[in-house]
Amino acid sequence: KREELLSLVKAYQRLIRIVPERERDVALALLAGGVHSALQIAQMTRKDFMGKFAGLLKDEQLADSIYQNALKKRGVILIQYMDVYQNNEPHIKAARFS
């Protein structure tokens, strides 16, 4: 039970990063709809996301804003991942940059 609760809290924290500040309750609606992260939203097409969640959120502009924020977040995460991945390449470590 504790792990399940912790998992939900972490998912809520991930979602509030892409939900407008005045709409924090929307993160709970997304959780109830089975969404746990921006990456999960960004994996969907815009049409799929809008079809599944625009009605749930009762505001198409809000749903579009959340979708666009999820795409931006995915871009940031991808850049961070590539930076870590490339900096751990053997040839970079062998070069001994300071």
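Since we're looking at a predicted model, the values are computed, not measured.

Caption draft 1: Highlighting helix α5 (residues 60–87). In this model, α5 (28 residues) spans 41 Å end to end at C-alpha, consistent with the 40 Å of a helix rising 1.5 Å per residue. Considered for burial, the residues of α5 that qualify are L62, A63, I66, Y67 and A70. Packed against the buried residues of α5 are α2 (25–32), α3 (38–43) and α4 (46–57). For α5, the capping residue at the N-terminal end is D59, with a side-chain oxygen 3.1 Å from the backbone nitrogen of Q61.

Caption draft 2: Examining the environment of D59 more closely. Examined against the element boundaries, D59 turns out to sit in the loop between α4 and α5. Residue D59 is classed as partly exposed on the basis of its relative accessible area of 33%. Linking D59 and V84, residues 25 residues apart in sequence, is a C-alpha distance of 38 Å. Of note is the side chain of D59, whose polar atom sits 3.1 Å from the backbone nitrogen of Q61.

Caption draft 3: Fine view of the pattern of salt bridges. Overall, the coordinates contain two salt bridges when judged by the stated rule. A salt bridge links R22 to E23; its shortest N-O distance comes to 4.0 Å. Classification of R22 as exposed rests on a relative accessible area of 69%. Since its relative accessible area comes to 23%, E23 is described here as partly exposed.

Caption draft 4: The arrangement of α4 in detail. Of the positions making up α4, those classed as buried are F49, M50, F53, A54 and L57. In an axial view of α4, the angular spread of the buried residues amounts to 120°, which keeps them on one side of the axis. Of the residues in α4, the exposed ones pointing more than 90 degrees away from the buried face are K47, G51, K52 and G55. Looking one or two residues beyond α4, the residue adopting positive phi is K58, at roughly 60°.

Each value, and the rule that gives it
- Residues numbered from 1 in each chain as written.
- Predicted model: local features only at pLDDT ≥ 70, side-chain atom pairs only at ≥ 80, totals over all residues.
- Heavy atoms only, no water.
- Helix = DSSP H or I, 4+ residues; strand = E, 2+ residues; numbered from the N terminus.
- Expected span 1.5 Å × (residues − 1).
- Buried < 20%, exposed > 50% of the residue type's maximum accessible area, 1.4 Å probe, protein only.
- Contact = heavy atoms within 4.5 Å.
- Polar contact = N/O pair within 3.5 Å; in protein donor to acceptor, adjacent residues only side chain to side chain.
- Salt bridge = Lys/Arg side-chain N within 4 Å of Asp/Glu carboxyl O.
- Arc of directions from axis to C-beta.

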